[in-house]
Amino acid sequence: MLRRALLQASTRGLFSSSPLSLASLRQCSSSSSSHNSQISNDHFVEHLDDTPQPPATATISIDRSSLYHPPEHSHESSADSELVKHLKNIIKFRGGPITVAEYMEEVLTNPKDGFYMNRDVFGAGGDFITSPEVSQMFGEMVGIWAMCLWEQMGQPKRVNLVELGPGRGTLLADLLRGASKIKNFTESLEIHMVEVSPALQKLQYQNLKCVTEDGGDGNANKRCVSTLAGTPVSWHATLEQVPTGLPTIIIAHEFYDALPVHQFQKASRGWSEKMVDLTENSSFRFVLSPQPTPASLYLMKRCKWAETEELAKVSHIEVCPKAIDLTQEIANRIGIDGGGALVIDYGLNGIVSDSLQAIRKHKFVDILDNPGSADLSAYVDFAAIKHSAEEVSEDVSVHGPMTQSQFLGSLGINFRVEALLEKCNEEQAESLRTGYWRLVGDGEAPFWEGPDEQAPVGMGTRYLAMSIVNKKQGVPVPF
Ligand SMILES: C[S@@+](CC[C@H](N)C(=O)[O-])C[C@H]1O[C@@H](n2cnc3c(N)ncnc32)[C@H](O)[C@@H]1O
């Protein structure tokens, strides 16, 4: 009952003008938004972006959920980048191959040359697209989820709102704009951005429209505040650095898929770890480890969580120790401080076999080709997240996964898109329909009349949502 009431209150609050507890929640748009156009229910004309970017339908933009089977290795010869030299040096000085996880971690987050570290990789001009960049409705719906949880938590006066891997900061910007009229909620928030990339931290600062205030004694106590809702914002490299002691809401959208995976392959001698090595002419190639590796412990743990039949079907397994450790940190924190986490990503509710993929400029490329110039990501093993959380804390419960389509649908995205469609011109309507399809659709959009290769492909069933909450909060909306 409570869940239904909360959900009705939240969606009606967003999409109607009736004075409910969350009734004044409305989207305020911004001219510097990264979306095609920010559209608000009732301030449409006033707030509409003056110079809307071309609709998403005019560009090919790839999300990262398609499975890809790369060729074994690349022979392409080119002048080595600094990161390639660095990787080759690690392999040479160690006198042997490195794990796929080490390779992935260096490629993505090497402090000097990692893929994420120095630039904006999102959107049509970047390498891939994510849901918050597709439509403002995504951040708004996650905002409704967060507000419902906050209500279930008893509307605490102070809450940590943590986003892991916030990219451009678009999701939180849309969440704050959408929630800006629910003052009790926004005034309770202390936002913590867990972001490893200095370049993206800067972009997040801009997109959250942050200002830096002096704490009174010069530079010593500088405080950032997002002017979107007057909330304090701070940045951290890891979740461990976020202060404990307050109830916490954690959002991890397309964060887990960037965590490094170890790959194992069934060989005649049993499971062997796949490694990255160098050929005689100094190209990267995959090899199999002849003996057990330290990550085999995590493989054993993962296999214990699987059914015999499930294991019998696979000849490759990916395990992600960092995902297990992160989930356990989340579960411990929520178990003690209260609150909950939302994980949305592409993945499976079971063992992930061989999903690591590389994307550069919206095209799949070889994983070993020019590392650092393409994104690497892997399917998320939601079953492992559930087991990891339950293993460390008896005070949390895990809900889902459900499809992104079910998640957004239950939170009221259909009402939101209808309300927005009533107030826009044809070009904006096209963009909204496309964005909506990409968020909740399955396969290629049936309404599409443009070139086949540009048909928007729905992320609605390939992306899954899961929530970990303190048991005191009950079952989170909309699970
Ligand atoms: C795929 S992007 C997702 C961005 C955003 N959540 C979105 O959906 O648009 C991954 C994000 O996680 C950050 N990231 C990747 N690995 C990280 C790590 N180990 N620690 C902190 N941030 C990391 C990246 O810099 C980036 O912001």
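Residues numbered from 1 in each chain as written. Predicted model: local features only at pLDDT ≥ 70, side-chain atom pairs only at ≥ 80, totals over all residues.

In the annotation of an unreviewed UniProt entry, the entry for the chain reads Protein arginine methyltransferase NDUFAF7, and the organism field reads Erythranthe guttata. Under Catalytic activity (unreviewed entry), UniProt gives the following word-for-word description of the chain: "L-arginyl-[protein] + 2 S-adenosyl-L-methionine = N(omega),N(omega)'-dimethyl-L-arginyl-[protein] + 2 S-adenosyl-L-homocysteine + 2 H(+)". The heading Subcellular location (unreviewed entry) in the UniProt record of the chain holds the text "Mitochondrion". (UniProt positions renumbered as here; feature names shortened; annotations may be inferred.)

A. Looking closely at the overall build of the chain. When helices and strands are counted, the chain shows 16 helices and 20 strands. The buried share among the 479 residues of the chain stands at 49%. Long-range pairs, those at least 24 residues apart, make up 73% of the contacts in the chain with a sequence separation of at least 6. (Helix = DSSP H or I, 4+ residues; strand = E, 2+ residues; numbered from the N terminus. Buried ≥ 20, exposed ≤ 12 C-beta atoms within 10 Å, placed from the backbone. Contact = placed C-beta atoms within 7 Å.)

B. View of the site of the ligand. In the vicinity of the ligand there are 19 residues, among which Tyr116, Thr130, Gly165, Gly167 and Val196 approach most closely. Looking at the shell around the ligand, the elements that each hand over two or more residues are helix 4 (100-109) and helix 5 (131-134). The residue inventory of the shell around the ligand, partitioned by class, reads 10 nonpolar, 6 polar and 3 charged. (Near = placed C-beta within 6 Å. Nonpolar A, V, L, I, M, F, W, Y, C, P; charged D, E, K, R; others polar.)

C. Geometry of helix 4. Burial runs high along helix 4: 7 of the 10 residues are buried. Among all positions in helix 4, only Val100, Ala101, Tyr103, Met104, Glu106, Val107 and Leu108 are buried. For helix 4, the elements touching its buried residues are helix 3 (82-94), strand 1 (98-99), strand 8 (262-267), strand 9 (270-278) and strand 15 (375-377).

D. Geometry of the nonpolar core. Among the nonpolar cores identified, the biggest contains 120 residues, and Met141, Val142, Trp145, Ala146, Leu439 and Ile468 are the most heavily contacted of them. Looking at this core element by element, the count peaks at 11 residues for helix 6 (residues 136-152). Not counting the four nearest positions on each side in its chain, Ile468 is found in contact with Ile330, Ala331, Ile334, Gly340, Ala341, Ala389, Val396 and Val398. (Core = buried A, V, L, I, M, F, W, Y, C linked by C-beta atoms within 7 Å.)

E. Quick peek at the confidence of the model for the chain. The share of residues in the chain with pLDDT of 70 or more is 83%, and the mean pLDDT across the chain is 86. Across residues 36-59, where pLDDT falls below 50, the model places 59 contacts with residues more than four positions away in sequence or in other chains. In this model, residues 67-76 is a region of pLDDT below 50 whose contacts with residues beyond four sequence positions or in other chains number 20 contacts. (pLDDT = per-residue confidence, 0-100.)

F. Representation of the pairing of strand 9 in the model. Relative to strand 9, strand 1 runs antiparallel, the two being bridged by 2 bridges. In the sheet register, Thr99 faces strand 9, and the bridge partner there is Met275. The sheet contact formed by strand 8 and strand 9 spans 4 bridges and is antiparallel. Within strand 9, the position partnered with Gln265 by the bridge is Ser272. Two successive antiparallel strands, strand 8 and strand 9, enclose a turn made up of 2 residues. (Pairing = 2+ DSSP bridges.)

G. Representation of the packing of helix 6 against helix 7 (residues 170-179) in the model. At a minimum axis distance of 7 Å, the contact between helix 6 and helix 7 shows a crossing angle of 65°. In this structure, the crossing between helix 6 and helix 7 has a hand that is right-handed. Contact residues: helix 6 offers Gln136, Phe138, Gly139, Glu140, Val142, Gly143, Ala146 and Met147, while helix 7 offers Thr170, Leu171, Leu172, Ala173, Asp174, Leu175, Gly178 and Ala179. Per-class residue counts for the contact of helix 6 with helix 7 are 9 nonpolar, 5 polar and 2 charged. (Axes fitted to C-alpha atoms, helices over the stretch in contact; angles between N-to-C directions. Left-handed = near helix turned anticlockwise from the far one by under 90°.)

H. Quick look at the sheet that holds strand 14 (residues 363-365). Spatially, 14-13-15 is the arrangement adopted by the 3 strands of the open sheet, whose pairing is antiparallel. Lying at the two open borders of the sheet, with one neighbouring strand each, are strand 14 and strand 15. Each strand of the sheet is rotated relative to its neighbour by a mean of 40°, with strand direction disregarded. Pairing between strand 13 (residues 357-360) and strand 15: 3 bridges, direction antiparallel. Each bridged residue has a counterpart across the sheet, and for Gln357 the counterpart in strand 15 is Ser377.

I. Molecular detail of unusual backbone geometry. At the junction of Gly400 and Pro401, the peptide bond is cis and its omega measures out at 10° in the coordinates. The residue after Val477, namely Pro478, is reached through a cis peptide bond having omega 0°. Considering the arrangement of structural elements, one finds Pro478 in the segment after strand 20 (463-470). In the Ramachandran plot, Gln155 falls in the positive-phi region, its phi being about 50° despite a non-glycine side chain. Within the secondary structure layout, Gln155 lies in the loop between helix 6 and strand 2 (159-164). Among the residues examined, Gln155 registers 13 C-beta atoms within 10 Å and is labelled partly exposed. If you check the backbone angles, His362 has positive phi at about 65° while not being a glycine.

J. Geometry of helix 9 (residues 198-207). Leu200, Leu203, Gln204 and Asn207 are the residues of helix 9 that are buried. Down the axis of helix 9, the buried side of the element spans an arc of 100°, and every buried residue falls inside it. Next to the buried residues of helix 9 lie helix 7 and strand 3 (189-194). Residue Lys209 follows helix 9 closely and has a positive phi angle near 50°. (Arc of directions from axis to C-beta.)

K. Spotlight on the packing of helix 6 against helix 15 (residues 413-421). Packing of helix 6 against helix 15 leaves a shortest axis separation of 11 Å and a crossing angle of 135°. With respect to helix 15, the axis of helix 6 lies oblique. Along this stretch, helix 6 crosses helix 15, giving a crossing that reads as right-handed. Taking contact as the criterion, the partners of Met137, Glu140 and Met141 in helix 6 are, on helix 15, Ile413, Arg416 and Val417. Taken together, the residues that form the contact of helix 6 with helix 15 break down as 4 nonpolar, no polar and 2 charged. (Parallel < 35°, antiparallel > 145°, perpendicular 65-115°, else oblique.)

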